[in-house]
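# Analysis of the macromolecular model
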Protein chains: 2
Amino acid sequence: MADIAFDAQKIAFAPISFQAALALRDLGILEFLNNTPADDKTIAKKLKLSLYAVQTLLEVGLGLDLVTLQNGVYNISKTGWFILCDPMTRVNMDFVNDVCYQGMYTLKDSLIKGKPTGLKVFGKWKTVYEGLSKLPKKNRTSWFAFDHFYSDIAFPAILPLVFELKPHTIFDIGGNTGKWAKKCLDHDPQVQVGIVDLPGQLAVAKKNLKKYKNRVSFHSVNLLDGKSVIPGGADAYLMSQFLDCFSKDEIVSILKKVKKAADKNARIYILEPLWDRQEYAASTFCLNHTSLYFTNIANGNSKMYSLGEMEECIKKAGLKTEKVFDGVGRFAYTLIRCTK
Amino acid sequence: MADIAFDAQKIAFAPISFQAALALRDLGILEFLNNTPADDKTIAKKLKLSLYAVQTLLEVGLGLDLVTLQNGVYNISKTGWFILCDPMTRVNMDFVNDVCYQGMYTLKDSLIKGKPTGLKVFGKWKTVYEGLSKLPKKNRTSWFAFDHFYSDIAFPAILPLVFELKPHTIFDIGGNTGKWAKKCLDHDPQVQVGIVDLPGQLAVAKKNLKKYKNRVSFHSVNLLDGKSVIPGGADAYLMSQFLDCFSKDEIVSILKKVKKAADKNARIYILEPLWDRQEYAASTFCLNHTSLYFTNIANGNSKMYSLGEMEECIKKAGLKTEKVFDGVGRFAYTLIRCTK
């Protein structure tokens, strides 16, 4: 019973825990302790902080198991080391603080309205994508660091799977600024790549992929426009961490457009980190929490999906799942290969 | 290693966890499951929520062990029940959300400046006490619910200890609106009580204690004014959960004033929940987190203290600790009895 009461208090005080951990990190206390275990007075003196600030933070740090205390000497714990040094944890914390923290105050409203009500902290946009370039620098940096961390990490493991059937032409749907396209173009000097996205993204992609000249084509398509058409002629249609930006109905509509475009021998690849296909409970935890970023900040109606949800969309769009590659890469992505 | 990585992610996503738990509570999902285990579609239909809202929340709820899932049917967990039904957990969560959440975004600044920078969310005051009556109703209600919950709970266990030496006159320093005074006046029909506080508080106390007529006296004293004087003539000077609103230097100064006022046979009682004298780790955790409310919202320089810190102040003020009553009441308060 005592443990359960404690678990409940950990949730009840969670925002304070978070800000305390961040302050322990950003005021240099964790780094100091990582170099030299020390008492509170020494830490305060060396870091030019008040003894009061150091004591109140370290006392919370003890409760969070970020530091240990023995005979008046504080030391960093293993969890504290993760908060300080693990790149993923840093990226997650910065993202939660700089992108999500303030907006999350209205999470309940977002859930009721189906709108990202937290986004108003930054500006009057319908989705975060509209406002990305106008976010304050610190917040924008944390957004992109989070986005890139999880997309970059997927590339190496996924590429061989996408090239298994030796495609001549790949269309990257939602190709954004051309990161995936570049990987493909470098991986196989013969392959042609088409990027399908909104004009703004294509403009950036064009710049980034200049040197590949006519090996790349650009296709301006608003996928949420019911009448828009995806061009045909590719052997492979790739949607990499793209569909989680859409609601299930929107996903079905997009997949139907892909179906219309695709030849009968073409393959459709969907790459997603699916929350029910993770090796570690921690990964599932992170993915499910990321869903609420979509709810509250990004668009109000998308999420990180399960394999069942994704297969339901595939089926509704009239596509067939041919093969599921599970647990790909360090963060256990799933690559679903479909045919018409 | 996996456990430690998970612990770090729990901290990294903590603000989202908190808002999700609150939404599960306030959208009625936990209450619904407490009555009837159900699948997501049923919950959505009965509570008139979107399936999307219910699913994203429940998926986070699974990771937080607030709900369980078996064969598509969700049920409330023991921790979920605590979030829903335990009065203390509710009071804590409401306080953290309605008083602390938004301001905590600038915790680091508060620690650097020694000012409650989070308070600007509500208004331009130096301390929360100045602004209390002007807080929006919901936020004010949560502040008072938190304050009263922890003071009310201490009364019954403490009263016999304060009356052990049969005082004729008790001065309640920082007596606020007269809650303690009333308990004392009711407990012993012979006792006289004096309330020492700021004029605003005394005005309310006068109203509340009207029926006790000349058994009560009111003494307007600004304890932070170096020249102010506490009146003498009492057998017992009581400071109940009062000193945690002050920095250590201020505490020493207040205790010196009490020493000056007190006769040599008088007793000085300090009642505090001290974080190192708790039976449960959860209580220590809550107290240390409450310190950061003082840092960021209340005044920028006070905290929940340890016995060692309090005894250091007592010593510096020239008082002697006569007896320490530990673990008093449901939340393990400490009553320190001092003499001149």
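For the structure, check the block above.
Just so you know, these numbers come straight off a predicted model, no measurement behind them.

## Things to note about the sheet that holds strand β4 (residues 192–197) of chain A
Residues and elements named next belong to chain A.
- With mixed pairing, the seven strands of this open sheet are ordered in space as β5-β4-β3-β6-β7-β9-β8. A strand with exactly one partner marks an edge of an open sheet, and here the two such strands are β5 (216–220) and β8 (320–328). Between one strand and the next, the sheet's axes are offset by a mean angle of 20°, whatever the strand orientation.
- With five bridges connecting them, strand β6 (residues 236–240) and strand β7 (residues 267–272) associate as parallel partners. Residue L238 lies in a different strand from β7, and its bridge partner there is Y269.
- Those strands touched by helix α12 (residues 179–187) are β3 (169–173), β4, β5, β6 and β7, and its axis lies near 175° from that of β4.
- Strand contacts of helix α14 (residues 248–261): β3, β6 and β7, with the helix running at about 165° to β6, the strand carrying the most contacts.

## Section: the interface of chain A and chain B
- On the side of chain B, 76 residues touch chain A, which itself brings 76 residues to the contact.
- Summed over both partners, the interface of chain A with chain B buries about 6,700 Å², with 77% contributed by carbon and sulfur atoms.
- Here chain A is connected to chain B by two salt bridges.
- E59 of chain B is paired through a salt bridge with K303 of chain A; the nearest N and O atoms lie 3.0 Å apart.
- On inspection of chain A and its partner chain B, the count reaches 19 residue pairs in polar contact (both at pLDDT 80 or more).

## Brief notes about helix α2 (residues 14–26) of chain A
All names here are of chain A.
- For α2, spanning 13 residues, the distance from its first C-alpha to its last is 18 Å, which sits close to the expected 18 Å at 1.5 Å a residue.
- Those residues of α2 lying buried are A14, P15, I16, S17, F18, Q19, A20, A21, L22, A23, L24 and R25.
- A positive backbone phi angle near 85° is found at G28, which sits one or two residues after α2.

## Remarks on the packing of α2 of chain A against helix α5 (residues 51–63) of chain A
Residue and element names in this part refer to chain A.
- Running from N to C, α2 and α5 point in directions that differ by 120°, and their axes come no closer than 10 Å. As for how α2 packs across α5, the hand of that crossing is left-handed. Where α2 abuts α5, its residues A20, A23 and L24 lie against L57, L58, V60 and G61.
- Grouping the amino acids of the contact of α2 with α5 by side-chain chemistry returns six nonpolar, one polar and no charged.

## A word on unusual backbone geometry
Residues and elements named next belong to chain A.
- For D65, which is not glycine, the phi dihedral falls at a positive 60°.
- Mapped onto the elements, D65 comes out in the loop between α5 and β1 (67–70).
- The phi dihedral of N71 is positive, around 50°, even though this residue is not glycine.
- You can see N71 is positioned in the loop between β1 and β2 (73–76).
- On the accessibility criterion, N71 (80% relative accessible area) is exposed.

## Here we look at helix α15 (residues 281–298) of chain B
Residues and elements named next belong to chain B.
- Relative to the 26 Å expected for 18 residues at 1.5 Å per residue, α15 spans 24 Å between its end C-alpha atoms, a close match to the ideal helical length.
- A large share of α15 lies buried, amounting to 17 of its 18 residues.
- Two residues or fewer past α15, G300 is found with a positive phi of approximately 85°.

## Observations regarding the packing of helix α6 (residues 78–85) of chain A against helix α1 (residues 2–12) of chain B
- Running from amino to carboxyl end, α6 of chain A crosses α1 of chain B at an angle of 60°, the nearest separation of the two axes being 9 Å. Judged on the interaxial angle alone, α1 of chain B and α6 of chain A are oblique. Helix-helix and strand crossings are classified by hand; for α6 of chain A and α1 of chain B the assignment is right-handed. Along the contact surface, α6 of chain A presents K78, T79, F82 and I83 of chain A, while α1 of chain B presents I4, A5, D7, A8 and I11 of chain B.
- Classifying every residue of the contact of α6 of chain A with α1 of chain B by side-chain character gives six nonpolar, one polar and two charged.

## What about the sheet that holds strand β9 (residues 333–339) of chain B?
Residues and elements named next belong to chain B.
- Spatially, β5-β4-β3-β6-β7-β9-β8 is the arrangement adopted by the seven strands of the open sheet, whose pairing is mixed. Each of the sheet's edge strands pairs with one partner strand only, and the pair in question is β5 (216–220) and β8 (320–328). Strand-to-strand twist in this sheet, taken as the mean axis angle between neighbours without regard to direction, amounts to 20°.
- Judged from the six bridges that link them, β8 and β9 form a sheet pairing that is antiparallel. Each bridged residue has a counterpart across the sheet, and for K320 the counterpart in β9 is T339.

## Points about the packing of aromatic side chains
- Counting across every chain of the model gives 27 aromatic pairs over all chains.
- Between F95 of chain A and F146 of chain A, the aromatic rings sit 3.7 Å apart at their centres with planes inclined by 5°, giving stacked as the arrangement. In this pair, F95 of chain A sits in helix α7 (residues 87–100) while F146 of chain A sits in helix α10 (residues 137–152), placing the two residues 51 residues apart along the sequence. Comparing F95 of chain A with F146 of chain A shows no difference in burial state: the two are buried.
- With a centroid separation of 5.0 Å and an interplanar angle of 75°, the aromatic rings of W143 of chain A and F144 of chain A are classed as edge-to-face.
- For K10 of chain B, the ring lying beneath its charged end belongs to F6 of chain B, and the centroid distance is 4.5 Å.

## Quick notes on the pairing of strand β2 (residues 73–76) of chain B
Residue and element names in this part refer to chain B.
- Residues of β2 alternate between two faces, with Y74 and I76 buried on one and V73 and N75 left unburied on the opposite face.
- In this structure, strand β1 (residues 67–70) lies alongside β2, joined through four bridges in antiparallel fashion. Each residue of the ladder has a partner; that of Q70, found in β2, is V73.
- Between β1 and β2, which pair antiparallel one after the other, the connecting turn spans two residues, and N71 there sits at a positive phi close to 50°.

## Describing the side chain of H289 of chain A
- With respect to the element layout, H289 of chain A can be found in helix α15 (residues 281–298).
- Reaching out from H289 of chain A, the side chain makes a polar contact with the side chain of S17 of chain B at a distance of 2.6 Å.
- In this structure, H289 of chain A is in contact with F13, I16, S17, V60 and L64 of chain B, ignoring residues within four places of it in sequence.

Procedures and definitions
- Residues numbered from 1 in each chain as written.
- Chains lettered and ligands numbered in written order.
- Predicted model: local features only at pLDDT ≥ 70, side-chain atom pairs only at ≥ 80, totals over all residues.
- Heavy atoms only, no water.
- Pairing = 2+ DSSP bridges.
- Helix = DSSP H or I, 4+ residues; strand = E, 2+ residues; numbered from the N terminus.
- Axes fitted to C-alpha atoms, helices over the stretch in contact; angles between N-to-C directions.
- Contact = heavy atoms within 4.5 Å.
- Buried area = accessible area lost by both parts, 1.4 Å probe.
- Salt bridge = Lys/Arg side-chain N within 4 Å of Asp/Glu carboxyl O.
- Polar contact = N/O pair within 3.5 Å; in protein donor to acceptor, adjacent residues only side chain to side chain.
- Expected span 1.5 Å × (residues − 1).
- Buried < 20%, exposed > 50% of the residue type's maximum accessible area, 1.4 Å probe, protein only.
- Left-handed = near helix turned anticlockwise from the far one by under 90°.
- Nonpolar A, V, L, I, M, F, W, Y, C, P; charged D, E, K, R; others polar.
- Parallel < 35°, antiparallel > 145°, perpendicular 65-115°, else oblique.
- Phe/Tyr/Trp six-rings, centres within 6.5 Å; stacked < 30°, edge-to-face > 60°.
- Lys NZ or Arg CZ within 6 Å of the ring centre and 35° of its normal.

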